[in-house]
Amino acid sequence: MMTTLIEDLKYRGIVYQMTDEEEIEKMLETEKISIYCGADPTADSLHIGHLVPFLALRRFQKYGHRPVILIGGGTGMIGDPSFKADERKLLSEEEVDKNVLAIKDQLASIFDFEDENSAVLVNNKDWLKNISLISFLRDYGKHVGLNYMLSKDAIQTRLETGISYTEFTYTILQAIDFGHLNKEFDVRLQIGGSDQWGNITSGLELMRRMYGTTNSEGLTIPLITKADGKKFGKTESGNIWLDRNRTSPYEFYQFWLNQSDDDVVKFLKLFTFLDRDEIDNLQQSVEEEPHLRKAQRKLGEEITRLIHGQEGLDEALKVTDALFSGDFKALESSQIKDALKDAPSQEVDKETTKLVDLLVEANISSSKRQAREDIQNGAIYVNGERQQDLDYEITDADKFDQEFTVFRRGKKKYTIVTYK
């Protein structure tokens, strides 16, 4: 028996709330509809927190429905207050426009724009910019009750700390988007994160008041959390971005590779398009042979290939293998810096060439006596190669780009040494 779309979404943990489950399931199973999801360009890149709604939208496309992807070039200039503790910093129009272009390129790797149900990419600035203040108040604001607005959780959470009228009107602007897309693209369903429930239902209410009825529905996706309760998508260095200049393919791949056994199957369901049988097999591997980390490697490969292509995945695997084997000579200096970005860095005098002296000056060994012991015991590696010669001296041949050398003491203690 074929799995229905709603069954597949529930299996993957994607469904949180639906305005009318029966009606949504009927629409999806009997019609080919247009569905939209949006994101505001608050930065020049999406991060992995944005991925679940967009990947859900891609699943709808795989089942024959048409995705309408909205980039909020208009709403991005206002700022969504939903469950944000403080007022957002306003971006200039030029910053927003630049961010829109960058995000459009990233979405091209996720969606099919050439299929019979080809994805459509829109920018709400194209219609919001044409609404005058008088029109906003008379044609739209008149249909939105103040009590209705104040009842929204996203607004209520900000009343104590303060909310500007600018951000207060955001939900109306998003409601206008839903109505516009319904009229222009016959959008019947809006999806988004659980924090977007208030904005989605506001759109449905506005359409009902303006048009008398609506043939549209809404669906939200649960907040993604880790098994230990920590926020998903964050590392010590910040967000995991889709832009390779912010988060390299290697760092992106490593993020997924390092997921815990408690989380990896959940993330395979959410972030990959693997079928149930393959996910079940990987779950069995987690339970019976967790040391092999097959599920983590598959997760990293699938999502890295999707976002960065096969070339990006190949680069990530190459850097990973080099770091494991210590064969740094196979890498470019930029890749080495990226792979060891969290390793300590020490600056030494370029005149210090003797290995024993350099180990002490770079705080790799605590004393010359300890340095000699480390070298003799085979604990010191220079650019991945074990060095046991007490008289060894560092030359330009040991420096990448005449700039730095990679030292390792023991199995994993790396230090980047630069020269002044």
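Nothing here was measured: the structure is a model prediction, and the numbers come from that model.

Draft legend 1. Layout of the overall build of the protein. Check the secondary structure of the protein and you find 18 helices and 13 strands. Projected onto the principal axes, the alpha-carbon positions of the protein cover approximately 85 × 50 × 40 Å. Burial status across the protein gives 50% buried among its 420 residues. Sequence-distant contacts in the protein: of pairs separated by 6 or more residues, those separated by 24 or more amount to 72%. By element, 45% of the accessible surface of the protein is carried by carbon and sulfur atoms, the whole surface being about 20,900 Å². One way to put it: in the protein the 54 positive side-chain charges average out to a point 2 Å from where the 73 negative ones average out.

Draft legend 2. Structural context of unusual backbone geometry. A positive phi angle is found at Arg 293, which is not glycine, with a value near 55°. Within the element layout of this structure, Arg 293 appears in the loop between helix H14 (276–288) and helix H15 (294–325). The class for Arg 293 is partly exposed, based on a relative accessible area of 29%. Phi is positive for Asn 383, which is not a glycine, with a value near 55°. Along the chain, Asn 383 turns up in the loop between strand S10 (380–382) and strand S11 (385–386).

Draft legend 3. Broad picture of empty space enclosed by the protein. Tallied over the full model, the rule gives 1 cavity of 30 Å³ or more. When its volume is computed, the largest cavity comes out at roughly 50 Å³. In terms of lining residues, the largest cavity is bounded by Asp 80, Pro 81, Ser 82, Lys 152, Ala 154, Ile 155, Thr 171, Gly 198 and Asn 199. Counting only elements with at least two residues in the lining of the largest cavity, the list comes to helix H8 (153–159) and helix H11 (197–211).

Draft legend 4. Seen up close, the sheet that holds strand S4 (residues 120–123). If you trace the 6 strands from one edge of the open sheet to the other, you get S1-S6-S5-S2-S3-S4, paired in mixed fashion. The open sheet has two edge strands with one neighbour each: strand S1 (17–18) and S4. With 6 bridges joining them, strand S2 (residues 34–39) and strand S3 (residues 66–71) adopt parallel strand pairing. Note on S3: the bridge partner recorded for Tyr 36 is Val 68. Relative to S3, helix H4 (residues 93–107) is tilted by about 155°, and along the sheet it contacts S3 and S4. Running at roughly 145° to strand S5 (residues 187–193), helix H10 (residues 170–185) makes contact with S2, S3, S4, S5 and strand S6 (217–221) of the sheet.

Scoring rules and cut-offs
- Counting restarts for each chain, with residues numbered from 1 along the sequence as it is written.
- It should be noted that, the model being predicted, local features are given only for residues of pLDDT at least 70 and side-chain atom pairs only at 80 or more, the latter also being counted only at that level, while totals for whole chains, interfaces and linings use all residues.
- Hydrogens and waters are ignored; side-chain quantities use all the structure's heavy atoms.
- Helix and strand definitions here come from DSSP, where helices need a minimum of 4 consecutive H or I residues and strands a minimum of 2 consecutive E residues; each element is numbered from the N-terminal end.
- A simple rule labels every residue: compare its accessible area, found with a 1.4 Å probe on the protein chains alone, to the largest value its type can have, and call it buried under 20%, exposed over 50%, or partly exposed in between.
- Should any heavy atoms of two residues lie within 4.5 Å, those residues are counted as being in contact.
- Per-residue and other accessible areas follow the Shrake-Rupley method at a 1.4 Å probe size, with only the shown protein chains counted as cover for residues.
- Counted charges follow a simple rule, with Lys and Arg positive, Asp and Glu negative, and His plus the chain ends left uncounted.
- For charged residues, the charge sits on one atom: NZ in Lys, CZ in Arg, CG in Asp, CD in Glu.
- Points on a 1 Å grid over protein atoms alone make up a cavity when a 1.4 Å probe fits among them but cannot get out, and a pocket when they form an open set with protein on both sides within 12 Å along at least five of seven lines; lining residues each have an atom within 4 Å of a point.
- Grid points are joined across faces, edges and corners, and a volume is the space filled by probe spheres set on the points.
- Pairing between strands is defined by DSSP: at least two bridges between them are needed.
- Between N-to-C directions, angles span 0 to 180 degrees; the directions come from axes that are lines fitted to C-alpha atoms, helices contributing only their stretch in contact.

Purely geometric numbers; function is a separate question.
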